[in-house]
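Structural description and commentary
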Amino acid sequence: PRLLPTTTTAAAKNETTTRRASVFPYGLHPPYPQQRDIMGAVSAAVASGEHALLEAPTGTGKTLALLCGALDAAAKGRARTVYYSTRTHSQLKQVVAELKKT
């Protein structure tokens, strides 16, 4: 994935690195490196109150990684509400299916 630059604090980066996979729902199967990068970017952006613009090809696990990063931030009290929008109903169904696994 290509993570477009955002500014984050060193503390946010360190905390994100140690805990970014804490809500990944697949137990013995750790997230792929691309998914860890996405989760880290989401968590760091939320922690610093900034935006993140993420781009990755089809099949990299963006849906799950975005959900895990956002839910991790919410679980830590950094976000009161998580909004997730999609372009199509089928994409929304995929998000709901992944959310049920977490």
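This section reports on the structure supplied with the text. Here the structure is a predicted model, which is why all the values come from computation and not from measurement.

1. Considering helix α2 (residues 33–48)
Residue pairs spaced three or four apart in an α-helix point in one direction, given the helix's 3.6 residues per turn. Its 16 residues give α2 an end-to-end C-alpha distance of 22 Å, which sits within 8% of 22 Å, the value for a rise of 1.5 Å per residue. Inspection of α2 places Gln 35, Ile 38, Met 39, Gly 40, Ala 41, Val 42, Ser 43, Ala 44 and Ala 45 among the buried residues, and these make up the whole buried set. Note on α2: the residue one or two positions beyond its end, Gly 49, has a positive phi of about 70°.

2. What to know about the side chain of Gln 35
Here Gln 35 lies in helix α2. Excluding residues that lie within four positions of it along the chain, Gln 35 makes contacts with Phe 24, Thr 60, Gly 61, Leu 64 and Ala 65.

3. A few points about the nonpolar core
With 8 residues, the main nonpolar core is built from Phe 24, Ile 38, Met 39, Val 42, Ala 56, Leu 64, Ala 65 and Cys 68. Where this core is concerned, the elements lending two or more residues are α2 and α3 (62–75).

What counts as what
Numbering of residues starts from 1 in every chain and runs along the sequence as written. The predicted origin of the model limits local features to residues at a pLDDT of at least 70 and limits the giving and counting of side-chain atom pairs to 80 or more, whereas totals for whole chains, interfaces and linings rest on all residues. Just so you know, side-chain values use all the structure's heavy atoms and leave hydrogens and water out. Each helix is a run of H or I in the DSSP string that is no shorter than four residues. Each strand is a run of E no shorter than two, and both are numbered from the N terminus. Any helix carries an expected span of 1.5 Å times its number of residues minus one. Each residue is placed in one exposure class: buried if its accessible area under a 1.4 Å probe, protein chains only, is under 20% of its type's maximum, exposed if it is over 50%, and partly exposed if it falls in between. Contacts between residues were defined by any pair of non-hydrogen atoms, one from each residue, lying within 4.5 Å. To form a nonpolar core, buried Ala, Val, Leu, Ile, Met, Phe, Trp, Tyr and Cys residues must be joined to one another through side-chain atoms within 4.5 Å.

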